[in-house]
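Structural features, examined
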Amino acid sequence: MDVAWTATDPESGDRASTESRSDAEGFMSRLHHLLRAGEGYTEVRRVKADFPLLTLSFRGHYAVMHLFESADDCRLLRGDAGLPATRTIEVPVLSDDCTFSGDFVSSVTRATAAIAAFIDGAPAERLGDWVRL
């Protein structure tokens, strides 16, 4: 499946100013480069529609995912209990760091698997428990 995506550059940390299009393998290759860099931000959607759109923000072993079902419908993926709800982390979102409680923090492994399932065609609502903002 072809996807449209933006991502931070693994070396500079700057977010791309234009959207890229590639097959799923091309996107996953960029994602793995980001993972090796240790932190990053990416957005991905299927080429055929602007929504749903998934975002992945991560630093180290922790990740936060947003789901946009439309421009007015933003949700956060409930965390996997890898970080207690009472703790917080900062991850890059667009061009700034944002703080999230452990309620919405997942492992990078879980988040990467969710992204892979999404670009393979899985409906976003089946990727986990999404909390509407």
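In this report, the structure presented in the accompanying data block is examined. Just so we're clear, the structure is a prediction, and the values are computed from it rather than from any experiment. (Residues numbered from 1 in each chain as written. Predicted model: local features only at pLDDT ≥ 70, side-chain atom pairs only at ≥ 80, totals over all residues. Heavy atoms only, no water.)

**Notes on helix α2 (residues 108-119)**
Across its twelve residues, α2 extends 16 Å between first and last C-alpha, which sits within 8% of the 16 Å expected from 1.5 Å per residue. When α2 is considered as a whole, its buried residues turn out to be Val108, Ala111, Thr112, Ala114, Ile115, Phe118 and Ile119. Looking down the long axis of α2, one finds its buried residues gathered within 160° of arc, a one-sided arrangement. Packing partners of the buried residues in α2 comprise β1 (2-7), α1 (24-37), β3 (39-46), β4 (53-59), β5 (62-70) and β9 (106-107). Gly121 sits one or two residues past α2 and shows a positive phi near 110°. (Helix = DSSP H or I, 4+ residues; strand = E, 2+ residues; numbered from the N terminus. Expected span 1.5 Å × (residues − 1). Buried < 20%, exposed > 50% of the residue type's maximum accessible area, 1.4 Å probe, protein only. Arc of directions from axis to C-beta. Contact = heavy atoms within 4.5 Å.)

**Section: the pattern of salt bridges**
Where side chains of opposite charge bring their charged atoms close, a pairing between them can arise. Considering all chains together, one arrives at eight salt bridges under this definition. Among the ionic pairs, Glu19 bridges to Arg45, the shortest N-O distance being 2.8 Å. With a gap of 26 residues between them, Glu19 in the loop between β1 and β2 (20-23) and Arg45 in strand β3 connect regions that are remote in the sequence. Arg59 serves as the salt-bridge partner of Asp97, at 3.2 Å between the closest nitrogen and oxygen. (Salt bridge = Lys/Arg side-chain N within 4 Å of Asp/Glu carboxyl O.)

**A short note on the packing of aromatic side chains**
A complete count under the given rule lists one aromatic pair for this structure. It is Arg46 that lies over the ring of Phe118; its NZ or CZ is 4.1 Å from the centre. (Phe/Tyr/Trp six-rings, centres within 6.5 Å; stacked < 30°, edge-to-face > 60°. Lys NZ or Arg CZ within 6 Å of the ring centre and 35° of its normal.)

**Quick word on the environment of Arg78**
Its place among the elements puts Arg78 in the loop between β6 (73-77) and β7 (88-93). The partly exposed category is assigned to Arg78, whose relative accessible area is 36%. A sequence separation of 61 residues divides Arg78 from Ser17, and the C-alpha atoms of the two residues are 29 Å apart. Leaving out residues up to four positions away in the same chain, Arg78 has contacts with Asp103, Phe104, Ser106, Arg110, Asp129 and Val131. A distance of 2.7 Å separates a polar atom in the side chain of Arg78 from a polar atom in the side chain of Asp129. (Polar contact = N/O pair within 3.5 Å; in protein donor to acceptor, adjacent residues only side chain to side chain.)

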